[in-house]
Amino acid sequence: MDSTNDTSKLTGRSASVVIIGGGIIGLTIARALSLRGVKDICLLERGSLGSESSFAAGGMLAPQAEADSRDEFFELLCQSRDLYPNFAASLKDESGIDIELDTTGTLYLAFSEHDQLEIDQRYEWQMQAGLPVEKLTAVEARMLEPGISHDVRGALRFPLDIQVENRRVLSALGNSIAQLGVKTLCGTNVESIETVRHSVKGVHTNDGFISCETIVIAAGAWSTFLNSSVKVEPVRGQMVCLTATPQLTRHVIYSARGYIIPRQDGRLLAGSTSERAGFTKEVTVGGVNTILSNALEIAPGISALGINDAWSGLRPKALDGLPVVGACGEIDGLIFATGHYRNGILLAPLTGELIAETIVEGVAPALLNPFTPDRFVAVDA
Ligand SMILES: Cc1cc2nc3c(=O)[nH]c(=O)nc-3n(C[C@H](O)[C@H](O)[C@H](O)COP(=O)(O)OP(=O)(O)OC[C@H]3O[C@@H](n4cnc5c(N)ncnc54)[C@H](O)[C@@H]3O)c2cc1C
């Protein structure tokens with residue numbers, strides 16, 4: 001991934017916008033701002049670009065598969081998903097990298113009476129809402145995907161819930177912002193944010209001070225800066241990577257307990273866990289055991305596959321589990337783009353557009369109202 005690893009002293013340097021964090025959210029914001037003509041953007045990443053949660057993710061773009069009602073969050077997820085085909089095409093033009101947008105769709109399997117009740121209810125509301133969803137008998141599901149378990153009772157198919165190779169997205173974004181002239185400083189840790197009379201003045205880094213009028217906090221699970229009321233905590237997710245050539249399934253396949261994701265290069269990802277383990281990114285015996293048990297329930301043929309890799313990442317979760325995206329009313333020039341929790345890959349294209357619009361137009365799009373960082377100030381009061 002292209003980046004400028006410029007570790008010269010930064011003191012005396014200034015930027016129009018400083019973005020803290022080079023995960024998928026910081027990268028898409030840098031790209032969207034640059035495409036709108038903003039100059040002198042500086043993206044600060046303390047490690048290397050796209051090496052944290054965005055790298056660990058599964059790349060599922062699946063708002064419908066787990067949704068039990070239609071609300072503003074669901075609409076946000078669907079809008080971002082629907083941006084992906086154009087996003088993929090533009091990134092290919094800009095970077096030469098194919099992000100492997102796979103539009104086969106997603107299956108959600110039921111194994112117990114309880115699972116079946118859950119998918120029946122999901123089918124009913126989504127069908128009534130006019131969303132594309134198909135109900136399959138066990139026989140139909142197995143005709144579609146012969147590799148799934150004989151114990152399946154029924155399934156839903158979500159034709160618009162798709163997947164992308166998130167690591168390729170990160171490489172493509174890295175190339176794209178380098179072409180666009182975004183200044184990227186890797187190995188630069190933001191230690192604090194300086195404000196004077198409720199306005200942003202700049203950031204203090206391990207390499208010196210950078211002055212700026214706008215700061216975007218896109219630091220994932222590490223986004224709790226200042227004495228701000230926005231608090232973000234890490235929720236660990238482990239993933240096991242198997243080798244499946246030929247692939248065992250074509251669809252992304254969920255159950256109520258886990259999922260499997262077939263990749264074009266013969267990897268099959270199995271996930272995941274949801275753990276409060278602080279900032280430790282271990283892969284544990286218990287985690288791998290749970291993931292593989294759930295994957296075997298979906299497709300018993302997995303038992304013959306080799307284990308290729310395993311990793312974990314820290315999902316950024318705000319107190320209410322919803323994204324925190326928009327300008328902070330308490331401090332002029334401070335913008336949050338964090339808390340994307342289980343949906344940061346899915347929400348990246350729309351987050352980039354909405355934050356760029358907020359900065360360039362000086363007004364937050366109405367779509368962001370439910371996700372404003374100011375909702376926590378009200379809670380605190
Ligand atoms: C196992 C797993 C599976 C997932 N599957 C999916 C999925 O299928 N679909 C989906 O949409 N989402 C998925 N997610 C969630 C998704 O990965 C996250 O929501 C998303 O990656 C968050 O992106 P981010 O850019 O905010 O955070 P990150 O990718 O974590 O990036 C934050 C960056 O900020 C940098 N940083 C932090 N502090 C500082 C500082 N002080 N100074 C400089 N840099 C700093 C970090 O080094 C890091 O690079 C999954 C997550 C996990 C763990």
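None of the values given here were measured: they were computed from a predicted structure.

Student: Could you clarify how one ought to interpret the overall build of the chain in this entry?
Tutor: Broken down by element type, the chain carries 9 helices and 20 strands. Against the compact-globule benchmark of 21 Å for 381 residues, the chain has a radius of gyration of 21 Å, which places it among compact chains. With the C-alpha coordinates aligned to their principal axes, the bounding extent of the chain is approximately 65 × 40 × 40 Å. By residue count, 55% of the 381 residues in the chain fall in the buried class.

Student: Just checking my understanding: could you explain the site of the ligand for this structure?
Tutor: The immediate surroundings of the ligand are formed by 39 residues, with Glu45, Ser54, Met60, Tyr341 and Leu346 found nearest. Within the backbone of arginine 342, an N or O atom sits 3.0 Å from a nitrogen atom of the ligand. Summarising the interface, the protein chains cover 98% of the accessible area of the ligand, which totals 1000 Å² for the free molecule. Every element with two or more residues in the shell around the ligand is listed here: α1 (24-35), β3 (41-45), α2 (53-56), β14 (232-243), β18 (306-318) and α8 (344-361).

Student: Would you mind showing me how to read the pairing of strand β19 (residues 324-327) here?
Tutor: Every other side chain in a regular strand lies on the same face of the sheet, so the side chains alternate between the two faces. When β19 meets strand β20 (residues 334-338), the two strands line up antiparallel, connected through 4 bridges. Along β20, the bridge assignment pairs alanine 327 with isoleucine 335. Hairpin remark: β19 followed by β20, antiparallel, with 6 residues in the connecting loop; positive phi at glycine 333, about 90°.

Student: Sorry, what's going on with the environment of alanine 218 here?
Tutor: By the element assignment, alanine 218 lies in the loop between β13 (214-217) and β14. Taking the C-alpha atoms as reference points, alanine 218 and glycine 22, separated by 196 residues in sequence, lie 7.6 Å from one another. If we skip the residues at most four places from it in the chain, alanine 218 touches Ile19, Ile20, Gly21, Ile25, Gly26, Ser223 and Ala337.

Student: I tried to follow the pattern of salt bridges on my own but got confused; where do I start?
Tutor: Once the charged atoms of two side chains with opposite charge are near each other, the side chains can pair. Here the structure, examined in full by the defined rule, presents 21 salt bridges. Here arginine 342 ties to glutamate 66 by a salt bridge, and the two come within 3.2 Å at their closest N and O atoms. Here the residue arginine 342 occupies a position in the loop between β20 and α8, and glutamate 66 occupies one in the loop between β4 (60-61) and α3 (72-95), the gap between them amounting to 276 residues. We classify arginine 342 as partly exposed; its relative accessible area is 44%. Glutamate 66 gets classed as partly exposed once you look at its relative accessible area, which sits at 34%. Overlapping salt bridges bring together Glu165, Arg263, Asp265 and Arg267 as one network.

Student: Quick question: what am I supposed to make of the sheet that holds strand β15 (residues 252-254) here?
Tutor: What holds strands together in a sheet is hydrogen bonding between their backbones, with the strands either parallel or antiparallel. Sheet architecture is open: 8 strands sit in the order β6-β7-β5-β15-β16-β17-β14-β18, paired in mixed fashion. For this open sheet the edge positions go to β6 (134-137) and β18, each flanked by a neighbour on one side alone. With strand direction ignored, the average angle separating the axes of adjacent strands in the sheet is 20°. As paired strands, strand β16 (residues 259-262) and strand β17 (residues 267-271) are joined by 4 bridges and run antiparallel to one another. Within β17, the residue paired with tyrosine 259 across the bridge is glycine 271. The strands touched by helix α4 (residues 113-128) are β5 (106-110), β6 and β7 (154-158); relative to β7, the strand with the most contacts, the crossing angle is about 35°. Contacts from helix α7 (residues 285-298) reach β5, β14, β15, β16, β17 and β18, with the element oriented near 55° to β14.

Student: Explain the nonpolar core here, please?
Tutor: Where a protein is soluble and globular, its nonpolar side chains tend to be buried together. Grouped together as the largest cluster of nonpolar side chains are 48 residues, with contacts concentrated most on Ile19, Ile24, Leu33 and Val216. Among the elements of the structure, β2 (17-20), α1, β3, α3, α6 (166-180), β20 and α8 are those that each provide at least two residues to this core. Val18, Cys42, Ile210 and Phe376 belong to the second largest nonpolar core, which has 26 residues in total.

Student: Quick question: what am I supposed to make of the packing of α3 against α6 here?
Tutor: The packing of two helices is summarised by the inter-axis angle and the distance between the axes. Look at α3 against α6: their axes get within 9 Å of each other, and the N-to-C directions meet at 55°. Considering the angle they form, α3 stands oblique to α6. The two elements α3 and α6 meet at a crossing, and its hand is left-handed. The segment α3 lies against α6, with Phe87, Leu91, Glu94 and Ser95 engaging Val169, Ala172, Leu173, Asn175, Ser176 and Gln179. In the contact of α3 with α6, the residues fall into 5 nonpolar, 4 polar and 1 charged.

Student: Would you take a moment to explain the sheet that holds strand β12 (residues 208-211) for this structure?
Tutor: Reading across the sheet, the 4 strands line up as β1-β12-β11-β10 and stay open at both edges, with mixed pairing between neighbours. At either end of the open sheet lies a strand with only one pairing partner, and these are β1 (13-14) and β10 (190-196). As paired elements, β1 and β12 share 2 bridges and run parallel to each other. Bridge pairing in β12 links arginine 13 to isoleucine 210.

What counts, and where the lines are drawn
Residues numbered from 1 in each chain as written. Predicted model: local features only at pLDDT ≥ 70, side-chain atom pairs only at ≥ 80, totals over all residues. Heavy atoms only, no water. Helix = DSSP H or I, 4+ residues; strand = E, 2+ residues; numbered from the N terminus. Rg over C-alpha atoms; globule rule 2.2 N^0.38 Å. Buried < 20%, exposed > 50% of the residue type's maximum accessible area, 1.4 Å probe, protein only. Near = heavy atom within 4 Å. Polar contact = N/O pair within 3.5 Å; in protein donor to acceptor, adjacent residues only side chain to side chain. Areas by Shrake-Rupley, 256 points an atom, 1.4 Å probe, with all protein chains shown as cover. Pairing = 2+ DSSP bridges. Contact = heavy atoms within 4.5 Å. Salt bridge = Lys/Arg side-chain N within 4 Å of Asp/Glu carboxyl O. Axes fitted to C-alpha atoms, helices over the stretch in contact; angles between N-to-C directions. Core = buried A, V, L, I, M, F, W, Y, C linked by side-chain atoms within 4.5 Å. Parallel < 35°, antiparallel > 145°, perpendicular 65-115°, else oblique. Left-handed = near helix turned anticlockwise from the far one by under 90°. Nonpolar A, V, L, I, M, F, W, Y, C, P; charged D, E, K, R; others polar.

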